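# Geometric and topological summary
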Amino acid sequence: GRLISTHLSTYLRKNVQVEVINSEAVVFSEFINSLSNPVLLGVVDFKPLDGNVIIELSNNLGYSIIDRLLGGIGDVFQTNRMFTEIELTILERIFDIFVNMLIEPWENVVELDPKLDRIEINTQFAQIVDPNAMTAIVTLNLHIGRVDGMINFCLPYSTLESVIEKINTKYWYS
């Protein structure tokens, strides 16, 4: 486990480009309904805030990262097959790294101690809030080697409510 984390962290620092593509407010059901199964969803306990957030990793990135970690060159796989238990175990380590990367960007808002709760591959098991609840969706384009894919962060208003004033742009300018 530690070897995979070390190898991936080194690889990510050298070969990854990230760009924010979009941020928007949508109701949770719109976000979930826009996803197709199988899907890679990391459900994250966003401690000390109340509630969870979701990290959605595109399948092609998931397959590419797995291929790279298992000795391949990380090429794109065009497949809609379900992930195996072994692949999900590897992806759990990947999501742990993503979750730990959330701490620094949020440090001026709240001292986070986020933990990956679980990985879901079916959207019906990722109902973390009411379907009509408002969420912020932040979409990143991740470029790893020769592979491009999206990561979506779904941040429910109910989870962010206690720190929403600190996220407001007026707060940053004052």
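Overview of the structure. Position numbers for residues count from 1 along each chain, tracking the sequence in the order it is written. Residues qualify for local features only when their pLDDT is at least 70, as the model is predicted, and side-chain atom pairs are given and counted only at 80 or more; totals for whole chains, interfaces and linings, by contrast, use all residues. Note that the side-chain values use all heavy atoms of the structure and ignore hydrogens as well as water.

## Some points on the overall build of the protein
A tally of helices and strands in the protein yields seven helices and six strands. In this description a helix means any DSSP run of H or I spanning at least four residues, a strand means any run of E spanning at least two, and both kinds are numbered starting from the N terminus. When the helices and strands of the protein are placed in sequence order, the string is α-β-α-β-β-α-α-β-β-β-α-α-α. Using a 1.4 Å probe on the protein chains alone, a residue whose accessible area is under 20% of its type maximum counts as buried, one over 50% counts as exposed, and one in between counts as partly exposed. When each of the 174 residues of the protein is scored for burial, the buried share is 45%. For this analysis, residues touch if any pair of their heavy atoms sits within 4.5 Å. In the protein, 70% of the contacts between residues at least 6 apart in sequence involve partners at least 24 apart. Areas reported as accessible are Shrake-Rupley estimates using a 1.4 Å probe. Residue values count occlusion only from the protein chains shown. On the protein, roughly 9,900 Å² of surface is accessible, and the fraction owed to carbon and sulfur atoms is 51%.

## Comments concerning the environment of phenylalanine 28
When you line up the elements, phenylalanine 28 lands in helix α2 (residues 28-33). A relative accessible area of 0% places phenylalanine 28 in the buried class. Considering only alpha carbons, one finds phenylalanine 28 and isoleucine 137, 109 residues apart in sequence, at a separation of 9.3 Å. With residues up to four places along the chain from it excluded, the contact list for phenylalanine 28 reads Ile54, Ala126, Gln127, Ile128, Val129, Asp130, Pro131, Ala133, Thr135 and Cys154.

## Looking at the side chain of asparagine 152
Take asparagine 152: it is sitting in strand β6 (residues 147-156). Judged by its relative accessible area of 13%, asparagine 152 is buried. Two N or O atoms form a polar contact when they lie within 3.5 Å of each other; inside protein one atom must be a possible hydrogen donor and the other a possible acceptor, and for residues adjacent in sequence the pair counts only when both atoms belong to side chains. At a separation of 2.6 Å, a polar atom in the side chain of asparagine 152 contacts the side chain of glutamate 56. With residues up to four places along the chain from it excluded, the contact list for asparagine 152 reads Phe31, Ile54, Ile55, Glu56, Ile137, Val138 and Thr139.

## Comments concerning the packing of helix α3 (residues 59-69) against helix α4 (residues 85-100)
Simply put, an axis is a line fit to the C-alpha atoms, just over the touching stretch for a helix, and the angle between two N-to-C directions goes from 0 to 180 degrees. For the pair α3 and α4, the least separation of the axes is 10 Å and the interaxial angle reads 95 degrees. It follows that α3 is roughly perpendicular to α4 by the angle criterion. The segment α3 lies against α4, with Gly62, Tyr63, Ile65, Ile66 and Leu69 engaging Glu87, Ile90, Leu91 and Ile94. Residue classes in the contact of α3 with α4 are distributed as seven nonpolar, one polar and one charged. When describing relative orientation, an angle under 35 degrees is termed roughly parallel and one over 145 degrees roughly antiparallel, while 65 to 115 degrees is termed roughly perpendicular and anything else oblique. Under the convention adopted here, Pro, Cys and the residues Ala, Val, Leu, Ile, Met, Phe, Trp and Tyr are nonpolar, Asp, Glu, Lys and Arg are charged, and Gly plus all remaining residues are polar.

## A few points about the pairing of β6
Among the ten residues in β6, eight count as buried, and that is most of the element. Note on pairing: two strands pair once DSSP finds at least 2 bridges between them. By the bridge criterion, four bridges tie strand β3 (residues 52-57) to β6 in an arrangement that is antiparallel. In the strand pairing of β6, isoleucine 54 is matched with cysteine 154. Relative to β6, strand β5 (residues 134-144) runs antiparallel, the two sharing ten bridges. What sits directly across from alanine 136, in β6, is leucine 155. Connecting β5 to the antiparallel partner β6 that follows it, the hairpin turn spans two residues, and glycine 145 within it adopts a positive phi of roughly 60 degrees.

In short, shape yes, function no, at least from these values alone.
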